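One letter stands for each residue in the lines below.
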Amino acid sequence: MSGVLTPVLTAHWDEPDSFSLEGYRRAGGYQALEKTLRVPQDDIVATLKGSGLRGRGGAGFPTGVKWGFIPQGDGKPHYLVVNADESEPGTCKDIPLMMATPHLLIEGSIITCFAIKANTAFIYVRGEVLHVVRRVQQAVAEAYEAGYLGRDILGSGYDLDIIVHCGAGAYICGEETAMLDSLEGYRGQPRLKPPFPAVEGLYSCPTVINNVESIASVPSIVADGADWFAGMGSAKSKGFGIFSLSGHVVAPGQYEAPLGITLRELLDLSGGIRAGHRLKFWTPGGSSTQLLTDEHVDVPLDFESMVAVGSQLGTRALQIFDETSCVVRATLRWTEFYQHESCGKCTPCREGTYWMVRVLDRLEHGQGSEEDLEKLLDMCDNILGRAFCALADGAVSPVVSSIKYFRDEYLEHQKGGGCPFDPAAATLFGDSR
Ligand SMILES: Cc1cc2nc3c(=O)[nH]c(=O)nc-3n(C[C@H](O)[C@H](O)[C@H](O)COP(=O)(O)O)c2cc1C
Ligand code: SF4
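For the structure given in this document, a descriptive report is provided here. Nothing here was measured: the structure is a model prediction, and the numbers come from that model.

Some points on the site of ligand 2
Neighbouring residues of ligand 2: 13 residues in total, closest Cys 343, Lys 345, Cys 346, Cys 349 and Cys 389. Broken down by class, the residue content of the shell around ligand 2 amounts to 10 nonpolar, 2 polar and 1 charged.

This is the structure in C-alpha cells:
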C-alpha cells in the first residue's frame, strides 16, 4: 500500500537538518533555480501551465494560467504574495512544510518571481506560529548569504528581495484580497473583484497570490518536467498533494499522494479508524467543505469527484469523526468559529453567522424544534452566494450538509431534551471502548 504515496514535498521531512540550507542542498535543493535562470521567463510559465498544477490553497485555480494573467511590459512593479496564513479548521499542511523545508518554499518563490518578472515577494505567515516565522526568516537570511536572494542572483543579473510578514491572526486575512489590505497596513477586509489581483493587487500593481504548497510544488515541476507532474493524479486534477488526516484515526498526519486517492486508501495507510469504532462523518478539505459520510469512502479525492458528490476538495484537510461524535456539537463549534472570524463587512455573513450559532446552540441543548432546522436552512439560503466573500459560503457548508445527512440526530436532541452523546467518549484515546 505504501506504493500509493508519492513523497516529493515531504520526502526529506524526517531528516534532522532538512530545514537548513546544507540539508536542503544535499537533497538537490536550488538545482531547479539554477536551471530556471538559464531559460526564458515565459518558458517557466509555459511549464507550469503544461503541468496542470491547480492552486493548493483550496479553490484549485490553475497556477500557470494565473501567472499568465500578469501584464507584460506594463512598466509597473510586479509582486508575489505567498499565502502562508493557514487557518482553515483542520488544515495543517503549510505549517509543517515551512518548518521542515522552508528552503523549498523560498526556491519556489524565487522561480515564481523570475517567471512573473517580480523583484519583491512577501511571505504572509500567520503571527501565532512564531516558531514558523522564525524558521522562515532564518532560511531567508541563509538564502541571502548564499547568493540565492538579493542582487544579481547566481550571476544572472536578476534581483529579488523576500520579506517575511507576520499576520495578526485573523482567518479572513487568508482571503487573498483581505491579505493585500492587511499587507498594506489596513484592517484586513476583502476587496471587490474585479479588478483581480493579477491586474491590480498589492499597491495597485500586478500581483500573484499563491498558497505555500502551490509554490513549494514549483521546483520539482521545473526539475522533473510538466509531463512528470501531469502523469500523476486524475484527468483534470493533476499531480500530488498533501492529505492531512486528523481526528479519530490511528496514525494522524500528513500523507502525500496523487490527487484521486480515496479516503479508504488513506485510512488503510493511517491504520484506520481507532480500534473498536467506525467512521461516522468527515470533511474532505476543512470545515468549509460539505461533510461526507461512510458512503463516500471510495470517491476519488480530486476536484471534480468531490463536486460530483456535493462537496469540495478544499485544502485536503480530512477531519475524521467516529460514531462517538455529535454532529450537532461539531457543527455548532465550527459555526462559532465562522461567527468569530466574520470580518463584519457585509450583513448576511455578520448577522447570519451570529443567528446560526444561537439556533444551533439551542438545538444542541435540546431546546430546539423541528422548525429550527427549516429556519437554519432558510438562513443558509440567505447567506450562500449573497455575501461579499467565500468565508460566508464556507460557514454554510457544515450546517447544510449535517442536516442533509443527520436530520434524525438533530431531532433526537429535541426528543431527549439534550445531547445524547458523552463528549468525553469522543476525546478518549487508547483503549476507549
Ligand atoms: C476566508 C478565507 C480564508 C482563506 N485562507 C487561506 C489560507 O489560509 N491559505 C491559502 O492559501 N488560501 C486561503 N484562502 C484562499 C485564497 O483566497 C486564495 O484562493 C489562495 O491563496 C490562492 O492560492 P492558490 O491558487 O495557490 O491556491 C482563503 C479564502 C477564504 C475565502
Ligand atoms: S462574507 Fe463575511 S468575512 Fe466575507 S466580507 Fe462579508 S462579513 Fe467579511
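Still to come is the rest of the account.
Describing the nonpolar core
A general trend in soluble globular proteins is that nonpolar side chains are found buried together. Ranked by internal contacts, the top residues of the largest apolar core, which has 58 residues, are Tyr 30, Trp 67, Met 98, Ile 106, Ile 110 and Val 125. Considering every element that reaches this core, the biggest residue donor is helix H6 (residues 102-116), with 9 residues. Not counting residues up to four positions away in its chain, the partners in contact with Tyr 30 are Leu 21, Tyr 24, His 103, Ile 106, Glu 107, Ile 110, Ala 143 and Tyr 148. Grouped together as the second largest cluster of nonpolar side chains are 37 residues, Phe 281, Val 327, Val 328 and Val 396 included.

Details of helix H8 (residues 176-183)
For H8, the tally of buried residues reaches 7 of 8 residues, placing the bulk of the element in the interior. Turning to H8, its buried residues are Thr 177, Ala 178, Met 179, Leu 180, Asp 181, Ser 182 and Leu 183. Here the buried face of H8 lies against strand E1 (79-84), strand E2 (120-125), strand E3 (161-166) and strand E4 (207-211).

What to know about the site of ligand 1
Around ligand 1 sit 18 residues, and of these Gly 57, Asn 83, Asn 210, Asn 211 and Ser 214 come closest. Between an oxygen atom of ligand 1 and a main-chain N or O atom of Glu 86, the distance comes to 3.2 Å. Take Ser 214: an N or O atom from its side chain is 2.6 Å from an oxygen atom of ligand 1. In isolation ligand 1 has 610 Å² of accessible area, and contact with the protein removes 89% of it. The set of elements that each furnish at least two residues to the shell around ligand 1 consists of E4 and helix H16 (390-416). Residues belonging to the shell around ligand 1 are distributed by class as follows: 4 nonpolar, 8 polar and 6 charged.

Examining the environment of Phe 240
Within the element layout of this structure, Phe 240 appears in strand E5 (residues 240-247). Placed 153 residues apart in sequence, Phe 240 and Ser 87 show a C-alpha to C-alpha distance of 22 Å.

What to know about a nonpolar patch on the surface
Where nonpolar side chains cluster on the molecular surface, the patch consists of Phe 61, Val 65 and Phe 69 and spans about 260 Å² of accessible area. Checked against the element boundaries, Val 65 lands in helix H4 (residues 63-68). According to the relative accessible area criterion, Val 65 is partly exposed, its value standing at 32%.

Brief notes about the sheet that holds E5
Overall, mixed pairing links the 5 strands, which are arranged E6-E5-E9-E7-E8 in an open sheet. Unpaired on one side and paired on the other, strand E6 (253-258) and strand E8 (292-293) mark the two borders of the sheet. Here E5 runs beside E6; their pairing, made up of 6 bridges, is antiparallel. The residue of E6 that forms the bridge with Leu 245 is Gly 253. Each of strand E7 (279-283) and strand E9 (317-322) is contacted by helix H13 (residues 327-341), which is oriented at about 15° to E7, the strand it contacts most.

Thoughts on the pattern of salt bridges
Overall, the coordinates contain 21 salt bridges when judged by the stated rule. For Asp 372, the salt bridge identified is with Lys 375, shortest N-O distance 3.8 Å. One end of the pair is Asp 372 and the other is Lys 375, both in helix H15 (residues 370-383) and 3 residues apart, which spans about a single turn. We classify Asp 372 as buried; its relative accessible area is 3%. The exposure class assigned to Lys 375 is partly exposed, which follows from its relative accessible area of 42%.

Things to note about the pairing of E3
In this sheet, E3 lies alongside E2 in parallel orientation, the contact comprising 6 bridges. What sits directly across from Phe 122, in E3, is Ile 163. Crossover E2 to E3 through helix H7 (residues 130-145) is right-handed.

Things to note about helix H9 (residues 212-224)
Summarising burial for H9: 11 of the 13 residues are buried, a large majority. Along H9, the residues that are buried comprise Val 212, Glu 213, Ser 214, Ile 215, Ala 216, Ser 217, Val 218, Pro 219, Ser 220, Ile 221 and Val 222. The distance from a side-chain oxygen at the start of H9 to the backbone nitrogen of Glu 213 is 2.8 Å, and the residue carrying that oxygen is Asn 211. Backbone geometry just after H9 places Gly 225 at a positive phi near 100°.

Thoughts on the sheet that holds E3
Sheet strands associate in pairs through backbone hydrogen bonding, adopting either a parallel or an antiparallel arrangement. Read from one edge of the open sheet, 4 strands run E3-E2-E1-E4, paired in parallel fashion. Of all strands in the sheet, those bounded by a partner on one side alone are E3 and E4. For this sheet, the mean inter-axis angle between neighbouring strands, taken without regard to orientation, is 20°. Bridge analysis of E1 against E4 gives 5 bridges, and the strand direction is parallel. Within E4, the residue paired with Leu 80 across the bridge is Val 208. Of the strands in this sheet, E2 and E3 are in contact with H7, which crosses E3 at around 170°.

Rules used throughout
- Residues numbered from 1 in each chain as written.
- Chains lettered and ligands numbered in written order.
- Predicted model: local features only at pLDDT ≥ 70, side-chain atom pairs only at ≥ 80, totals over all residues.
- Heavy atoms only, no water.
- Near = heavy atom within 4 Å.
- Nonpolar A, V, L, I, M, F, W, Y, C, P; charged D, E, K, R; others polar.
- Core = buried A, V, L, I, M, F, W, Y, C linked by side-chain atoms within 4.5 Å.
- Buried < 20%, exposed > 50% of the residue type's maximum accessible area, 1.4 Å probe, protein only.
- Helix = DSSP H or I, 4+ residues; strand = E, 2+ residues; numbered from the N terminus.
- Contact = heavy atoms within 4.5 Å.
- Polar contact = N/O pair within 3.5 Å; in protein donor to acceptor, adjacent residues only side chain to side chain.
- Areas by Shrake-Rupley, 256 points an atom, 1.4 Å probe, with all protein chains shown as cover.
- Patch = residues over 30% accessible without salt bridge, like charges linked within 9 Å, V, L, I, M, F, W, Y side chains within 5 Å.
- Salt bridge = Lys/Arg side-chain N within 4 Å of Asp/Glu carboxyl O.
- Pairing = 2+ DSSP bridges.
- Axes fitted to C-alpha atoms, helices over the stretch in contact; angles between N-to-C directions.
- Right-handed = clockwise from strand over helix to strand, strands pointing away.

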